[in-house]
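# Close look at the chain arrangement
What follows is the residue order along each chain.
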Amino acid sequence: MCLGIPGRIVEMRNEGGLPMGVVDFGGVRREVCLAYVADEVSVGDYAVVHVGFAISKVDEDEARRTYDVLREMGELNDLGWIRDVAEAAASVEVPREQGGASPREAAPELPGADS
Amino acid sequence: MKYLTEYRDPALARSLVERILRVATHRWTLMEVCGGQTHTIVKQGIDEVLADAVEMIHGPGCPVCVTPLEQIDRALHLAARPDVIFTSFGDMLRVPGSRCDLFQIKARGGNVRVVYSPLDALELARGNPDKEVVFFAVGFETTAPANAMAVWRAKQEGVSNFSVLVSHVTVPPAMVAILESPDTRVQGFLAAGHVCTVMGWEEYEPLAGRYQVPIVVTGFEPLDILEGIWMAVRQLEEGRHEVENQYVRSVRREGNRPAQELVSRVFQVVDRGWRGIGVIPASGLGLRPELAAFDAERKFALQSIRAEEPAACRAGDVLRGRMKPFECPAFGTECTPAYPLGAPMVSSEGACAAYYNFGRFRRSAAGD
């Protein structure tokens, strides 16, 4: 329900006093109300969008910093035995009638696949 | 950077899992209060790989799931009226009321429309002046600014055939209700990243102190959730209980002030019933008295519609973490996503539906 998708603002305009715009989500473009971020965004910025409203500007420096910290952590770790743990957990037999995911299949999914 | 794929890297996920398992000296109990996080945790098996270090309890984090039966029945009543166009987010259409759901009303000819944004509902009202357009305003703090804007614009433009059936809930009072319940096992929380994007985290600071629980504001991608768990476990291991922010790229301490301002201009804090839990004081938002003209409950005199929840649905025990979905006698038999008894089996973010869809029919050897 609180799903928010980051997208790039490609157009901004004023519609009867309401800041509106177009946001690009990896190729899919949507009308978005920018009223709650109008003072801090410009075309080209990323924003988190929820039910047609931008609720925050994505802080690119922080996004990169978080990712860098995670990557450094990853480089510091020996990954060998963890695969065994993950695979052991994944091999526990549970009915998968719906063809569900297991930790082995922790694959990326498309934006918006969750609802 | 596109801020999605970077946070789904399997190798980084493994290294975080390893860190959490290495740092944990106890099996800690954490609760997430966000259906989107529940969905990711169960789908990716995050709780299973971390079973030795943490037990994840899936809290009442799905507004669809906690919307009281009474409000669903009121929505069904409105949707069946020939003079009404009933608009809603798609998630609400299959939530069972006492006798049927919105989809069935639509199938019988009711004018029920799914909208992407509450502004689309307002647009429908502008375009259909001979109809009453009602929008089902549900959601947490994340959705409140959008719904508030639709009401505010309707007032400014004098769109008198637009009204909202409000069932807004807020997260911190539910966390307090869980922490105050005598049998609570929750030792720390992942707070919902988008709720906090709007509200900030100031209101969580007294909770962390009073109840001595770490609260980590957490995002939604697999790496976000793993890092949030890691931060909470580290606090527990070090005996700290603070509010920390994992989702720094979207959340600021003060939240989104313009959004908060419009929400408080349109809504006021009210007591609100939570499906399966009951009334939690000051846990919801209702329209301010000066906006009563846009309140569907008043406009259509819906207060007399009352409902009792079915006893077979144990949603309350699941939402409070007293029971895993598969421990409910109705799970997967009487109650399935095709024929749900209660809302947690309907929404893709409900704990019961997540367990059903990802094949969690019993406790796994990893300890669930």
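Attention in this report is confined to the structure presented alongside it. (Residues numbered from 1 in each chain as written. Chains lettered and ligands numbered in written order. Predicted model: local features only at pLDDT ≥ 70, side-chain atom pairs only at ≥ 80, totals over all residues.)

This brings us to the overall build of chain A. A tally of helices and strands in chain A yields 2 helices and 5 strands. Counted from the first residue to the last, chain A has its helices and strands arranged as β-β-β-β-β-α-α. Looking at chain A as a whole, 33% of its 115 residues qualify as buried. Once local pairs closer than 6 in sequence are excluded, the contacts in chain A between residues at least 24 apart make up 31%. (Helix = DSSP H or I, 4+ residues; strand = E, 2+ residues; numbered from the N terminus. Buried ≥ 20, exposed ≤ 12 C-beta atoms within 10 Å, placed from the backbone. Contact = placed C-beta atoms within 7 Å.)

Broken down by element type, chain B carries 16 helices and 11 strands. Here the C-alpha atoms of chain B give a radius of gyration of 21 Å, agreeing with the 21 Å that 2.2 N^0.38 yields for 368 residues. If one aligns the C-alpha atoms of chain B with their principal axes, the spans along those axes are about 65 × 45 × 40 Å. Per-residue burial over chain B gives 60% buried out of 368 residues. (Rg over C-alpha atoms; globule rule 2.2 N^0.38 Å.)

Quick look at the sheet that holds strand β9 (residues 243-245) of chain B now. Pairing between the strands of a sheet is mediated by backbone hydrogen bonds and can be parallel or antiparallel. Residue and element names in this part refer to chain B. On the basis of which strands lie adjacent, the open sheet formed by 5 strands has the order β2-β1-β7-β8-β9 and parallel pairing. Edge positions in the open sheet fall to β2 (54-58) and β9, since each of these has one partner strand only. Ignoring strand direction, the axes of neighbouring strands in this sheet form an average angle of 25 degrees. Direction of pairing for strand β1 (residues 28-32) relative to β2: parallel, over a ladder of 5 bridges. The partner of Trp28 across the bridge, within β2, is Val54. (Pairing = 2+ DSSP bridges. Axes fitted to C-alpha atoms, helices over the stretch in contact; angles between N-to-C directions.)

Next up on the list: the pairing of strand β5 (residues 132-139) of chain B. All names here are of chain B. β5 sits mainly inside the fold: 7 of its 8 residues count as buried. With 7 bridges joining them, β5 and strand β6 (residues 162-169) adopt parallel strand pairing. By the bridge assignment, Ala137 is partnered in β6 with Val166. Once you follow β5 into helix α8 (residues 144-157) and on to β6, the crossover reads as right-handed. (Right-handed = clockwise from strand over helix to strand, strands pointing away.)

What follows deals with the nonpolar core. One finds Ala47 and Ala54 of chain A together with Val151, Phe189, Ala191 and Ile229 of chain B to be the most contacted residues of the largest nonpolar core, which totals 151 residues. It is helix α12 (residues 222-238) of chain B that provides the largest number of residues to this core, a total of 9 residues. Residue contacts for Val151 of chain B: discarding those within four places in its chain leaves Val164, Val266, Leu287, Leu291 and Phe294 of chain B. (Core = buried A, V, L, I, M, F, W, Y, C linked by C-beta atoms within 7 Å.)

What follows deals with the pairing of strand β7 (residues 188-192) of chain B. Residues and elements named next belong to chain B. Burial of β7 is extensive: 5 of the 5 residues sit out of reach of the surface. Strand direction decides the pairing type here: β1 and β7, joined by 3 bridges, are parallel. Bridging across to β7, Glu32 finds its partner in Leu190. Note that β7 and strand β8 (residues 215-218) share 4 bridges and pair parallel. When the bridges of β8 are listed, Phe189 appears paired with Ile215.

Our next topic: the sheet that holds β6 of chain B. All names here are of chain B. Read from one edge to the other, the open sheet built from 6 strands follows the order β4-β3-β5-β6-β11-β10, with strand pairing classed as mixed. Edge strands, defined here as strands with exactly one partner in the open sheet, are β4 (112-114) and β10 (267-274). Ignoring which end each strand starts from, the neighbouring axes of this sheet average 25 degrees apart. The sheet strands contacting helix α7 (residues 118-127) are β3 (84-88), β4, β5 and β6, and the helix crosses β5 at an angle near 170 degrees.

Our focus in this paragraph is unusual backbone geometry. Residues and elements named next belong to chain B. Although it is not a glycine, Gln212 sits at a positive phi angle of roughly 55 degrees. Judged by the 13 C-beta atoms lying within 10 Å of it, Gln212 is partly exposed. With phi around 50 degrees, Ala282 is a residue other than glycine that occupies positive phi space. With respect to the helices, strands and loops of the structure, Ala282 is situated in strand β11 (residues 278-287).

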